[in-house]
Amino acid sequence: MESKHRILSWDEYFMGVAAITAKRSKDPHTQVGAVIVGPDQRILSIGYNGTPRGMNDDTFPWAREGETLRTKYPYVIHAERNAVLNFRGLMRELHGATVYVTHFPCNECSKELAQVGIAEVVYAYNPYPDSMETRAAEAILDAAGIKTRVVPVPDITIAGDYEA
Ligand SMILES: [Zn+2]
């Protein structure tokens with residue numbers, strides 16, 4: 001019998017989880033979500049861009065311009081880094097894993113993904129393809145042999161599926 005439900009592919013599912021995780025971010029400009037997935041399609045960890053523990057992300061300086069200490073840049077933890085830091089298993093489990101991330105990683109996150117042994121980066125958007133950060137990230141991912149590919153955020157609505 002044919003299911004009346006649309007079954008998501010793994011790519012759609014994991015990018016969907018990354019996108020909904022991004023919705024937790026208090027950053028008013030860019031909400032980024034990341035999901036680390038093991039080779040057996042298990043979710044190993046999740047992260048979004050936010051503040052370090054103890055800093056209130058409601059009163060946090062989310063500005064992108066002005067005096068450096070009053071911008072977000074010295075403080076914010078990117079989604080991919082948070083996903084690595086939130087991981088509660090053995091680091092070797094990250095070896096060979098895939099990261100689904102809403103936005104192409106920056107160079108700093110790319111260094112970390114390379115060092116923990118991530119095998120593939122799947123992303124939905126690359127908003128700054130010509131930036132220094134992106135070009136350096138591409139060089140880092142390429143040198144580490146990390147594959148990259150694009151998967152769009154799936155266009156799904158699920159709320160109505162649960163009405164009585
Ligand atoms: Zn980053």
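It should be noted that the structure appears before, not after, this text.
Keep in mind that what you see is a predicted model, and the values were worked out from it rather than measured.

## Let's talk about the pairing of strand β5 (residues 147–150)
Phase 1 of the analysis: Bridge count between strand β4 (residues 120–125) and β5: four bridges; the pairing is parallel. Note that in β5 the partner of V121 across the bridge is T148.
Phase 2 of the analysis: Handedness of the β-α-β unit built from β4, helix α4 (residues 132–143) and β5 comes out right-handed.

## What to know about the sheet that holds strand β1 (residues 33–37)
Phase 1 of the analysis: Overall, mixed pairing links the five strands, which are arranged β2-β1-β3-β4-β5 in an open sheet. Each having just a single partner strand, β2 (43–48) and β5 make up the two edges of the open sheet. The mean angle between the axes of side-by-side strands here comes to 15°, regardless of whether they run parallel or antiparallel.
Phase 2 of the analysis: In the sheet, strand β3 (residues 98–103) pairs with β4 via five bridges, with the strands oriented parallel.

## What about helix α3 (residues 107–115)?
Phase 1 of the analysis: Listed as buried for α3 are C109, S110 and L113. Projected down its long axis, α3 carries its buried residues within an arc of 100°, all on one side.
Phase 2 of the analysis: Where α3 is buried, its residues meet α2 (79–86), β3, β4 and α4.
Phase 3 of the analysis: Looking one or two places after α3, you find G117, whose phi comes out positive at around 90°.

## Comments concerning the environment of V121
Phase 1 of the analysis: Relative to the elements of secondary structure, V121 occurs in strand β4.
Phase 2 of the analysis: When the C-alpha positions of V121 and E65 are compared, they lie 29 Å apart, and in sequence the two are 56 residues distant.
Phase 3 of the analysis: Those residues in contact with V121 that sit more than four places away from it in its chain are V99, V101, P105, L113, L141, I146 and T148.

## Let's talk about the environment of T134
Phase 1 of the analysis: If you trace the backbone, T134 turns up in helix α4.
Phase 2 of the analysis: Separated by 29 residues in sequence, T134 and P105 place their C-alpha atoms 7.3 Å apart.
Phase 3 of the analysis: With near-sequence residues (within four places) excluded, T134 lies in contact with F104, N126, Y128 and P129.

## Section: the environment of A63
Phase 1 of the analysis: Within the element layout of this structure, A63 appears in the loop between β2 and α2.
Phase 2 of the analysis: Each C-alpha atom of the pair A63 and D27 lies 9.0 Å from the other, and the pair is 36 residues apart in sequence.
Phase 3 of the analysis: Setting aside its immediate chain neighbours within four residues, A63 contacts R70, T71 and K72.

## Observations regarding α2
Phase 1 of the analysis: In terms of residue burial, α2 counts as a mostly covered element, since six of its eight residues are buried.
Phase 2 of the analysis: Within α2, burial applies to A79, E80, R81, N82, A83 and V84.
Phase 3 of the analysis: On its buried face, α2 sits against β1, β2, β3 and α3.

## A closer look at the nonpolar core
Phase 1 of the analysis: Formed by 31 residues in total, the largest nonpolar core has its most connected members in A18, A34, V35, V99, Y100 and V101.
Phase 2 of the analysis: Sort the elements by how many residues they give to this core and helix α1 (residues 10–22) lands first, with five residues.

## Side note on the packing of α3 against α4
Phase 1 of the analysis: Two numbers describe how α3 lies on α4: the axes approach to 8 Å, and their chain directions differ by 15°. Overall, the two elements α3 and α4 adopt an arrangement that is roughly parallel. Seen along the crossing, α3 lies across α4 with a hand that is right-handed. Contact with α3, carried on its side by N107, S110, K111 and A114, involves E133, A136, A137, I140 and L141 of α4 and no other residues of that element.
Phase 2 of the analysis: Each residue belonging to the contact of α3 with α4 can be placed in one class, and the counts come to five nonpolar, two polar and two charged.

Reading the values: the criteria
- Within any chain, residue numbers begin from 1 and follow the written order of that chain's sequence.
- This being a predicted model, a pLDDT of at least 70 is required before a residue's local features are given, and a value of 80 or more before pairs of side-chain atoms are given or counted; all residues contribute to the totals for chains, interfaces and linings.
- In this scheme, strands are said to pair when DSSP sees at least two bridges between them.
- In this description a helix means any DSSP run of H or I spanning at least four residues, a strand means any run of E spanning at least two, and both kinds are numbered starting from the N terminus.
- Whether a crossover is right-handed comes down to one check: with the strands pointing away from the viewer, does the path from the first strand over the helix to the second run clockwise; if it does, it is right-handed.
- Between N-to-C directions, angles cover 0 to 180 degrees, with each direction set by a line fitted to C-alpha atoms, over the stretch in contact for helices.
- Exposure classification rests on a simple neighbour count of other C-beta atoms within 10 Å of a residue's own: a residue reaching 20 or more is buried, one at 12 or fewer is exposed, and one in between is partly exposed. C-beta atoms are placed from the backbone.
- Along the arc lie the directions from the helix axis toward the C-beta atoms.
- Each residue gets a C-beta atom placed from its backbone, and two residues are in contact if those atoms lie within 7 Å.
- To form a nonpolar core, buried Ala, Val, Leu, Ile, Met, Phe, Trp, Tyr and Cys residues must be joined through C-beta atoms within 7 Å.
- Throughout this description, any angle smaller than 35 degrees is read as roughly parallel, any larger than 145 degrees as roughly antiparallel, any in the 65 to 115 degree range as roughly perpendicular, and the remainder as oblique.
- Crossing chirality is assigned from the near helix's rotation relative to the far helix, an anticlockwise turn below a right angle marking it left-handed and a clockwise turn marking it right-handed.
- In this count, Pro and Cys sit with the nonpolar residues alongside Ala, Val, Leu, Ile, Met, Phe, Trp and Tyr, while Asp, Glu, Lys and Arg are called charged and the others, Gly among them, polar.

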